[in-house]
Amino acid sequence: QVQLVESGGGLVQPGGSLRLSCTTSGFTFGNYAMSWYRQAPGKERELVAAITTAGGISNYADSVKGRFTISRDNGKNTVYLQMNSLKPEDTAVYYCKARRTTRGRDYEYWGQGTQVTVSS
């Protein structure tokens, strides 16, 4: 059974930091590219950051560059999102996603999300 469980969300003041974790099971984590998405109320889900299978390449949405860092630990089947200098506009539900394309077929799994609220 595939599971992706996000944790680490919460309420934080502007300028603060949070570290999100996404712990996975039920699939070969090291074979999947991982990413973080977020969805704010009334808005579409957007890509925040992504990282390749071995962690050698990562990319970020312009709105979070220089503030967020994605990383992964293939030994722990976990992907992280370190969020610094948080702003109120970062408030959203954050989701992790696992994706792999093999033999012309896409495999994609999502977590249930964790709420991040940035407010004074």
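Up top is the structure these notes are about.
In short, a report on the structure. (Residues numbered from 1 in each chain as written. Predicted model: local features only at pLDDT ≥ 70, side-chain atom pairs only at ≥ 80, totals over all residues. Heavy atoms only, no water.)

### Concerning unusual backbone geometry
No. 1: Despite not being glycine, S85 has its phi angle at roughly 50 degrees, a positive value.
No. 2: Within the fold, S85 resides in the loop between β8 (78-83) and β9 (92-102).
No. 3: The partly exposed category is assigned to S85, whose relative accessible area is 41%.
No. 4: Even without glycine at this site, R103 takes up a positive phi of about 55 degrees.
No. 5: Residue position: R103 is located in the loop between β9 and β10 (105-110). (Helix = DSSP H or I, 4+ residues; strand = E, 2+ residues; numbered from the N terminus. Buried < 20%, exposed > 50% of the residue type's maximum accessible area, 1.4 Å probe, protein only.)

### A closer look at the pattern of salt bridges
No. 1: Throughout the structure, instances matching the rule amount to 7 salt bridges.
No. 2: The partner of E108 in a salt bridge is K97, with the nearest N and O atoms 3.5 Å apart. Of this pair, E108 sits in strand β10 while K97 sits in strand β9, and the two are 11 residues apart along the sequence.
No. 3: The partly exposed category is assigned to E108, whose relative accessible area is 40%.
No. 4: Of the residues examined, K97 reaches a relative accessible area of 8% and is grouped as buried.
No. 5: A salt bridge links E108 to R99; the nearest nitrogen and oxygen atoms lie 3.6 Å apart.
No. 6: Taking the relative accessible area as the measure of exposure, R99 reaches 35% and is therefore partly exposed. (Salt bridge = Lys/Arg side-chain N within 4 Å of Asp/Glu carboxyl O.)

### A closer look at the pairing of strand β3 (residues 18-25)
No. 1: Judged from the 5 bridges that link them, strand β1 (residues 3-7) and β3 form a sheet pairing that is antiparallel. In the strand pairing of β3, L4 is matched with T24.
No. 2: Direction of pairing for β3 relative to β8: antiparallel, over a ladder of 6 bridges. Within β8, the position partnered with S21 by the bridge is Y80. (Pairing = 2+ DSSP bridges.)

### Comments concerning the nonpolar core
Nonpolar side chains in soluble globular proteins generally cluster together in the buried interior.
No. 1: Of all hydrophobic cores here, the largest spans 28 residues; its most connected members are W36, V79, L81, M83 and Y94.
No. 2: Within the residue set of this core, elements represented by two or more residues are β3, β4 (33-39), β5 (46-51), β7 (68-73), β8, β9 and β11 (114-118). (Core = buried A, V, L, I, M, F, W, Y, C linked by side-chain atoms within 4.5 Å.)

### A look at the packing of aromatic side chains
No. 1: Within this structure, the stated rule accounts for 5 aromatic pairs.
No. 2: Aromatic side chains Y95 and W110 sit 6.5 Å apart centroid to centroid with 80 degrees between the ring planes, which places their arrangement in the edge-to-face category. With Y95 in strand β9 and W110 in strand β10, this residue pair connects regions lying 15 residues apart in the sequence.
No. 3: For Y95, a relative accessible area of 14% puts it in the buried group. (Phe/Tyr/Trp six-rings, centres within 6.5 Å; stacked < 30°, edge-to-face > 60°.)

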